[in-house]
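A closer look at the structure
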Amino acid sequence: MVETVAFGSVPTKLGDVLAAVTEEGVAATAFQDDPAVRARIASRLGLAVADDPARTAAARAELEAYFDGGLKEFGVAVDWRLMSPIQRQVLGTLFTTVPYGQVMTYGELAARSGTGVPARGIGSIMGSNPIPIIVPCHRVVAGNGLGGFSGGDGVESKRWLLTLEGHLPPTLDWDI
């Protein structure tokens, strides 16, 4: 059987969030759905694209429920193939130990992951996370504030996600 990737997206306040799903699980997400993003992900995976809405249904349903405020923990399978072993260890530690509504500093994640990667390196790993939202790099913050964020509209998207999760108080104009 030839392995493929299927794409599906859901409309959210942060844009049309795209999920790329292989036979193994969600291999990538993006804050934008357009042909160029899909082509870049398929190329990185080295896989042909399949039109398979059934394969993406669970990821789309969970993303929709998350953005509606009803899902606190993703249950879809994750395909870690786009990550190096170090990225996999750091992001896997994040994925399994930092629950909805909580945050951890870059330094704390560096220590918890046991990789020897310094805090600055943890920031680079967060910035290269191919599966944002599901693997919640938005929950990793600087010791003196939010830190950076490379997804969506940058730090404003991180702020929105942390507000959705109840870690930050909503501003007067915040709307789920």
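Model, not experiment: these values are computed from the prediction.

**Side note on unusual backbone geometry**
In this structure, isoleucine 133 is a non-glycine residue whose phi angle is positive, near 80°. When you line up the elements, isoleucine 133 lands in the loop between helix H5 (119-127) and strand E6 (140-141).

**Here we look at the side chain of arginine 139**
Residue placement: arginine 139 occurs in the loop between H5 and E6. The exposure class assigned to arginine 139 is buried, which follows from its relative accessible area of 6%. Within polar-contact distance, the side chain of arginine 139 engages the side chain of glutamate 165 at 2.9 Å. Apart from the residues within four sequence positions on either side, arginine 139 is in contact with Val98, Pro99, Tyr100, Gly101, Gln102, Val103, Met104, Leu162 and Glu165.

**Quick notes on the sheet that holds strand E2 (residues 15-22)**
In spatial order, the strands read E3-E2-E1-E4; together these 4 strands make up an open sheet with mixed pairing. Unpaired on one side and paired on the other, strand E3 (26-30) and strand E4 (48-50) mark the two borders of the sheet. The average undirected angle you get between the axes of adjacent strands in this sheet is 30°. Pairing between strand E1 (residues 4-12) and E2: 8 bridges, direction antiparallel. Considered in E2, the bridge of serine 9 is made with leucine 18. Contacts from helix H1 (residues 35-45) reach E1, E2, E3 and E4, with the element oriented near 145° to E1.

**Focus: the packing of aromatic side chains**
Counting across every chain of the model gives 6 aromatic pairs. Taking 5.9 Å as the distance between ring centres and 85° as the angle between the ring planes, the aromatic pair formed by phenylalanine 31 and phenylalanine 149 counts as edge-to-face. Of this pair, phenylalanine 31 sits in the loop between E3 and H1 while phenylalanine 149 sits in the loop between E6 and helix H6 (155-164); the two residues are 118 residues apart in sequence, bridging distant segments of the chain. Judged on exposure class, the residue phenylalanine 31 and its partner phenylalanine 149 are both buried. Summarising the aromatic geometry, the rings of tyrosine 66 and phenylalanine 67 are spaced 5.3 Å apart at their centres and angled 90° between planes, so their arrangement reads as edge-to-face. The exposure classification of tyrosine 66 matches that of phenylalanine 67, with both residues buried.

Cut-offs and rules
- Residues numbered from 1 in each chain as written.
- Predicted model: local features only at pLDDT ≥ 70, side-chain atom pairs only at ≥ 80, totals over all residues.
- Heavy atoms only, no water.
- Helix = DSSP H or I, 4+ residues; strand = E, 2+ residues; numbered from the N terminus.
- Buried < 20%, exposed > 50% of the residue type's maximum accessible area, 1.4 Å probe, protein only.
- Polar contact = N/O pair within 3.5 Å; in protein donor to acceptor, adjacent residues only side chain to side chain.
- Contact = heavy atoms within 4.5 Å.
- Pairing = 2+ DSSP bridges.
- Axes fitted to C-alpha atoms, helices over the stretch in contact; angles between N-to-C directions.
- Phe/Tyr/Trp six-rings, centres within 6.5 Å; stacked < 30°, edge-to-face > 60°.

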